[in-house]
Amino acid sequence: MGELRADWRLRLRRGNARGPICGAGVLVDQNTVLTCAHVVRDPDAVMWVEFGENSEIEAVSARVPPGGWLAEGEGGEDVAVLRLDAPRPQARPARLETALWGGMEVSATGYAEGFDDGMSLWGRIGGVSGERVQLDAVTKAEVVRRGFSGAAVCTRPGEGGPARVVGLVVSWRGDMGELLPENNRLAFSYLIPVARIAELSPLVAELSTPYAWDHGFEERLARWFGDEYADEEPVKVTVVPPGSGKERSLRHLVHRADLVHRGGVSSRPDLADHALGHIAFPPGQYLAYWDWLLGTRPRPSGPAPGPAGGQRVTVLVDGLDEEAEPGPLIALLARLRTLGFRLLLVFRHEGGTGWNAARDELLAPALLTHADTLLARLERAEFSRVVRHGVVDSASLGSLTETAERRRGEFRLIDGGGGAGWGGWGGAGGGTGGGADPQQRLARLRELVRTLRADLRRIGERAPGGLT
């Protein structure tokens, strides 16, 4: 059936959280649910949407927006589009599929009487029956029943691939008119295909195209946000074109950032203020650090503070190239980097305003420091491995960290001999690597970081904060 637990499989109640369970629904983006119109009953009704398979996502009310009642008019269908009263970006939406053929194996999960936690049934796409597509069950006991209306009809997932939603359960029919499918001689389930819903709803049409989402980008970004072992780069720069599937995927991950600054909209003083809420600065030093972050005073004396509670803090700058003057913002972000903040910098266009400055003042220094940190971890891991497997004497000390020393030499060639600094990054000078093209140096540095991660995995790092 695909995911054993899926955020997008929804349980619907009518009216409020204590209302009766009346059917199922499908989450198709952070704001939108598909279900049957006869589940909602009235286009002015308020529905209660529950994420029955993910208790961490809070239930929310929903209602039919303008244009969401698809049950009326010539060629209408028994479909309602619901808009959540508060978005749920943390929930992963369904993947929609318009292709449908006879014999396709599918499943549906609904909420029949006595099965409030859901029950799942299997079947095969049979054929077209009037305006509906017939779903053939193996036995009459597996025909859908009351409580399945609006449920997603899902494909069998491929090897490692997710299930896709091809339609909504809309009804069942028995030849004898009995209340339960098994009490009839013949009984079949029926669905409305996604392709048909897309004909009626521009939003569903858009969400069911192959380019609606960028799932590869989404997975990479989720891995970066989740970075349990501090292996990922502390500064990430990405280009997200307006209106793209990549942008839609990003919208579902913005909530994972601790701080969000929207280019051309948010203010630097607000960012500084919110950042200070995550910094363990000494008592009475708020204004001193606020002025320092904004660049109006020198950094306060004393030991550098870090994120409160030792937690890693992530800042998302959404549309850095939409900032009229990105220089002061980049300077503020550079100061946050010295305090251990992680940065996700989103550009709308490659090479946009602030592109070179972000590369030279944020990305390159962070990558150099990160590579240096990974090198130190590799040295410790190599030394620990030798100690675990044998006795160390003075004659063997030179060969204990052979891999780390080789990588250190590669690092020096890229850095130009500047250690973990970044002098000469954007131009001539700075040793062997200083005169190289900045993009080439970044590519070499990223390749070294990937190699160091592979080295650490191969060795089996046991140091705190590393791999197990």
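Only a predicted model underlies this, so the values are computations on that prediction, with no experimental measurement involved.

Draft legend 1. A look at the confidence of the model for the protein. Looking at the protein as a whole, its pLDDT mean stands at 88, while 90% of the residues score no less than 70. Confidence drops under pLDDT 50 across residues 426-432; counting only partners more than four residues distant or on other chains, this segment forms 16 contacts. Note on residues 462-468: pLDDT is under 50 here. Beyond four places in sequence and across chains, it has 15 contacts.

Draft legend 2. Local environment of the sheet that holds strand E15 (residues 314-318). The 4 strands lie next to each other as E13-E16-E15-E14, forming an open sheet whose pairing is parallel. Each edge of the open sheet is held by one strand with a lone partner, namely strand E13 (235-239) and strand E14 (259-262). Within the sheet, the average angular offset between the axes of one strand and its neighbour, ignoring direction, is 15°. Here E15 runs beside strand E16 (residues 342-347); their pairing, made up of 5 bridges, is parallel. Paired with Asp318 across the strands is Val346, a residue of E16. Sitting on the sheet, helix H4 (residues 215-226) touches E13, E15 and E16, and the angle it makes with E16 is about 155°. Packing of helix H6 (residues 268-276) onto the sheet brings it into contact with E14 and E15, and relative to E14 it is tilted by some 175°.

Draft legend 3. Quick look at the layout of surface pockets. Space inside the largest pocket adds up to approximately 730 Å³. In this structure, the largest pocket is lined by 29 residues; those nearest its centre are Arg145, Arg146, Gly147, Phe148 and Trp172. Those elements that provide at least two residues to the lining of the largest pocket are strand E2 (21-29), helix H1 (37-40) and strand E11 (165-174). Taken together, the residues of the lining of the largest pocket break down into 15 nonpolar, 7 polar and 7 charged. Taken as a whole, the second largest pocket holds about 460 Å³ of empty space. Across the lining of the second largest pocket, the residue classes break down as 11 nonpolar, 4 polar and 8 charged.

What counts and what doesn't
- Once a new chain begins, its residue numbering starts again from 1 and follows that chain's sequence as written.
- Where totals are concerned, whole chains, interfaces and linings use all residues; where local detail is concerned, this predicted model gives features only for residues with pLDDT of at least 70, and gives and counts side-chain atom pairs only at 80 or more.
- Excluding hydrogens and water, the side-chain figures rest on all heavy atoms present in the structure.
- Per-residue confidence from the predictor is reported as pLDDT, which spans 0 to 100.
- Only heavy atoms enter the contact rule, under which two residues are in contact if any of them lie within 4.5 Å.
- Pairing between strands is defined by DSSP: at least two bridges between them are needed.
- Under the DSSP-based scheme used, a helix requires at least four consecutive residues in state H or I and a strand at least two consecutive residues in state E, with every element numbered from the N terminus.
- A fitted line through C-alpha atoms serves as each axis, taken over the contacting stretch for helices, and the angle formed by two N-to-C directions is quoted from 0 to 180°.
- Detection works on a 1 Å grid of protein atoms alone, calling trapped sets that fit a 1.4 Å probe cavities and calling open sets with protein on both sides within 12 Å along at least five of seven lines pockets, with lining residues defined by an atom within 4 Å of a point.
- Grid points are joined across faces, edges and corners, and a volume is the space filled by probe spheres set on the points.
- Three categories are distinguished: nonpolar for Ala, Val, Leu, Ile, Met, Phe, Trp, Tyr, Cys and Pro, charged for Asp, Glu, Lys and Arg, and polar for the others, with Gly belonging to the last.

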